[in-house]
Amino acid sequence: MFGPDKCGADSKFHFIFRHKNPKTGEFEEKHAKKPSESFAHVFTDKKTHLFTLIVQPDNSFDMLIDQVSINAGNLLEDVNPPVNPPEEIADPKDSKPEDWDDRKKIPDPDATKPDDWDEDAPKKIPNSDAVKPDGWLDDEPDLIADPDSEKPEDWDDEMDGEWEPAKIQNPLCEDVGCGEWKPEMLDNPDYKGKWKAPMVDNPAYKGEWSPRMIPNPNYFQDLEPFKMTSIGSLGLELWTMNNDILFDNFIITSSREVADQWAADSWALKSGDEQSVLSGDGVVSGLLSATDERPWLWAVYALVVIIPIFLCARFCSPSKKGDLKKTDDVTEDDEAEEETQAEEEAAAEEEENTEEKEEESKTVRQRKKKASKSDLETKEGDDVDSGEASKDGSGDGPRKSPRRKKSQKD
């Protein structure tokens, strides 16, 4: 099997061949080592690619994409599992002797635990200097039932069990504390833990045991694995959830020259046509393709684009006042300025008219005020005259108002 394979984020370029064991007649798959060059772009650039496998009579192989070597090696050295099995294998019937000691270090048999070593001493002890704070509430619980908690309407005691309100922190415990008071725990300076004897070299150490090696009964040597079984057919092993995947132009040949000429007459022409179509945005597509293998290039592109735009906007854009080109022709800015000026003049004129109207209204109010005052004084004079007339007159006949006489004279 030969060709590209992508599963999730994992990209592979397979070369797997089946090798026949000359002694047992069984076939075993041999997988070529992983490619050393990157090839992930073939899954994302949406271009036509040429995949080539070359196996030479000297057991060398070469895997190419678009006529560029991606992986190369030797069938005898760079496949897994190896073509030829080892000459010797571990004896499956051999076992380690009972007296075989493969321990490098052992506890010192002459060491004894010191008399003052207390294995039962706790790691932590209460702080003897700690004092219970004043106001500590020993009888108050840390948690109390939430007074705002209500039993759900759909609660069924038989199905859901006895309902209990939610618990909240006891507000009485926030300032000092509640419940049983205990002093804080400190490290015990006398703690030593369980005593263990120090380790010393094992005088009976014999080394790491391994079974003896025996000749491999299945050993064989095939120095020409390039002589694979005959190719009887060609097929595609395809499983994909992506559309627009096409395959064409397969060739199997023993001549490198024939394969190269065939590639020049097929793939090279198609690839050239694609480059012509993409010539308009070839630079852009090339830059975007480079980010597939080097994502950090996005930061470089951002700086290269943003900095020139900022500098151009900062230093090349005309100012609002002095840098505008002078001309006698009427521009949109001139028209906008005239409209603004006309609106300002109309607003000023309207404000002036409003002030005049307010002044006239003020004058009218002042005149009305004076007239009312004059009428009031005249009425008071009439009342005085009438009083005097009532004192001097005989009282016969109707009294005539001096104001009416005056009006008659007038």
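Residues numbered from 1 in each chain as written. Predicted model: local features only at pLDDT ≥ 70, side-chain atom pairs only at ≥ 80, totals over all residues. Heavy atoms only, no water.

Draft legend 1. A look at the pairing of strand S2 (residues 10-20). Pairing of strand S1 (residues 2-7) with S2, which is carried by six bridges, proceeds in the antiparallel orientation. In the strand pairing of S2, Phe-2 is matched with Phe-15. The turn linking S1 back onto S2 is made up of two residues, and Gly-8 within it adopts a positive phi angle of 65°. As consecutive antiparallel partners, S2 and strand S3 (residues 27-32) are separated by six residues, and within that stretch Gly-25 has a phi angle of approximately 80°, a positive value. (Pairing = 2+ DSSP bridges. Helix = DSSP H or I, 4+ residues; strand = E, 2+ residues; numbered from the N terminus.)

Draft legend 2. Seen up close, the packing of aromatic side chains. For the coordinates displayed, the defined rule picks out six aromatic pairs. Plain terms: the ring middles of Phe-2 and Phe-13 are 5.3 Å apart, the flat faces sit at 50° to each other, and that makes the pair tilted. Linking Phe-2 in strand S1 with Phe-13 in strand S2, this pair joins segments that are eleven residues apart in sequence. Of the residues examined, Phe-2 reaches a relative accessible area of 30% and is grouped as partly exposed. Positioned above the aromatic ring of Phe-43, the side-chain terminus of Lys-6 is 5.7 Å from the ring centre. (Phe/Tyr/Trp six-rings, centres within 6.5 Å; stacked < 30°, edge-to-face > 60°. Buried < 20%, exposed > 50% of the residue type's maximum accessible area, 1.4 Å probe, protein only. Lys NZ or Arg CZ within 6 Å of the ring centre and 35° of its normal.)

Draft legend 3. Representation of the sheet that holds S2. One open sheet accounts for four strands, arranged S1-S2-S3-S7; its pairing is antiparallel. Of all strands in the sheet, those bounded by a partner on one side alone are S1 and strand S7 (79-80). Note that S3 and S7 share two bridges and pair antiparallel. Looking across to S7, one finds that Ala-32 is bridged to Val-79.

Draft legend 4. A look at the nonpolar core. Counting residues in each nonpolar core, the largest one holds 13 residues, and the members touching the most others are Phe-13, Phe-15, Phe-17, Phe-39, Phe-61, Ile-65 and Leu-75. Setting aside its immediate chain neighbours within four residues, Leu-75 contacts Phe-15, Phe-17, Val-55, Asn-59, Phe-61, Val-83, Pro-225, Phe-226 and Met-228. (Core = buried A, V, L, I, M, F, W, Y, C linked by side-chain atoms within 4.5 Å. Contact = heavy atoms within 4.5 Å.)

Draft legend 5. Structural detail: the side chain of Ser-60. Locating Ser-60 in the fold gives a position in strand S5 (residues 60-65). Within the local environment of Ser-60, its side chain forms a polar contact with the side chain of Asp-58, the two groups lying 2.7 Å apart. Filtering out sequence-adjacent residues up to four positions away, Ser-60 remains in contact with Ile-54, Val-55, Gly-73 and Asn-74. (Polar contact = N/O pair within 3.5 Å; in protein donor to acceptor, adjacent residues only side chain to side chain.)

Draft legend 6. View of the sheet that holds strand S6 (residues 68-74). Ordered in space as S4-S5-S6, the three strands form an open sheet in which the pairing is antiparallel. The sheet is open, and its two edges are formed by strand S4 (51-55) and S6, each paired on a single side. Within the sheet, the average angular offset between the axes of one strand and its neighbour, ignoring direction, is 15°. Across six bridges, S5 lies against S6 in antiparallel orientation. The residue of S6 that forms the bridge with Leu-64 is Ser-69. (Axes fitted to C-alpha atoms, helices over the stretch in contact; angles between N-to-C directions.)

Draft legend 7. Fine view of a negative patch on the surface. Taken together, the side chains of Asp-148, Glu-150, Glu-153, Asp-154, Asp-156, Glu-158 and Asp-160 define an acidic patch exposed on the protein surface. Considering the arrangement of structural elements, one finds Asp-148 in the loop between strand S11 (143-145) and helix H1 (157-160). A relative accessible area of 65% means that Asp-148 is categorised as exposed. (Patch = residues over 30% accessible without salt bridge, like charges linked within 9 Å, V, L, I, M, F, W, Y side chains within 5 Å. Areas by Shrake-Rupley, 256 points an atom, 1.4 Å probe, with all protein chains shown as cover. Salt bridge = Lys/Arg side-chain N within 4 Å of Asp/Glu carboxyl O. Lys, Arg positive; Asp, Glu negative; His and termini not counted. Charge placed at Lys NZ, Arg CZ, Asp CG, Glu CD.)

Draft legend 8. Spatial organisation of unusual backbone geometry. A cis geometry characterises the amide bond from Asn-80 onward to Pro-81, with omega recorded as -5°. In this structure, Pro-81 sits in the loop between S7 and strand S8 (88-90). Non-glycine residue Gln-67 carries a positive phi angle of around 65°. For Gln-67, the location among the structural elements is in the loop between S5 and S6.

Draft legend 9. Region of interest: the pattern of salt bridges. For the structure shown, the criterion picks out 15 salt bridges. Here Lys-124 and Asp-187 are joined by a salt bridge, their closest N and O atoms 2.5 Å apart. Highlighted residues: Lys-124 in strand S10 (residues 124-126) and Asp-187 in strand S13 (residues 185-187), separated in sequence by 63 residues. For Lys-151, the salt bridge is made with Asp-157, and the minimal N-O distance between the two is 3.2 Å. Lys-151 sits in the partly exposed class, given a relative accessible area of 40%. On the basis of relative accessibility, which here comes to 40%, the residue Asp-157 falls in the partly exposed class. Connected through salt bridges with shared partners, the residues Asp-91, Asp-94 and Arg-212 form a single ionic network.

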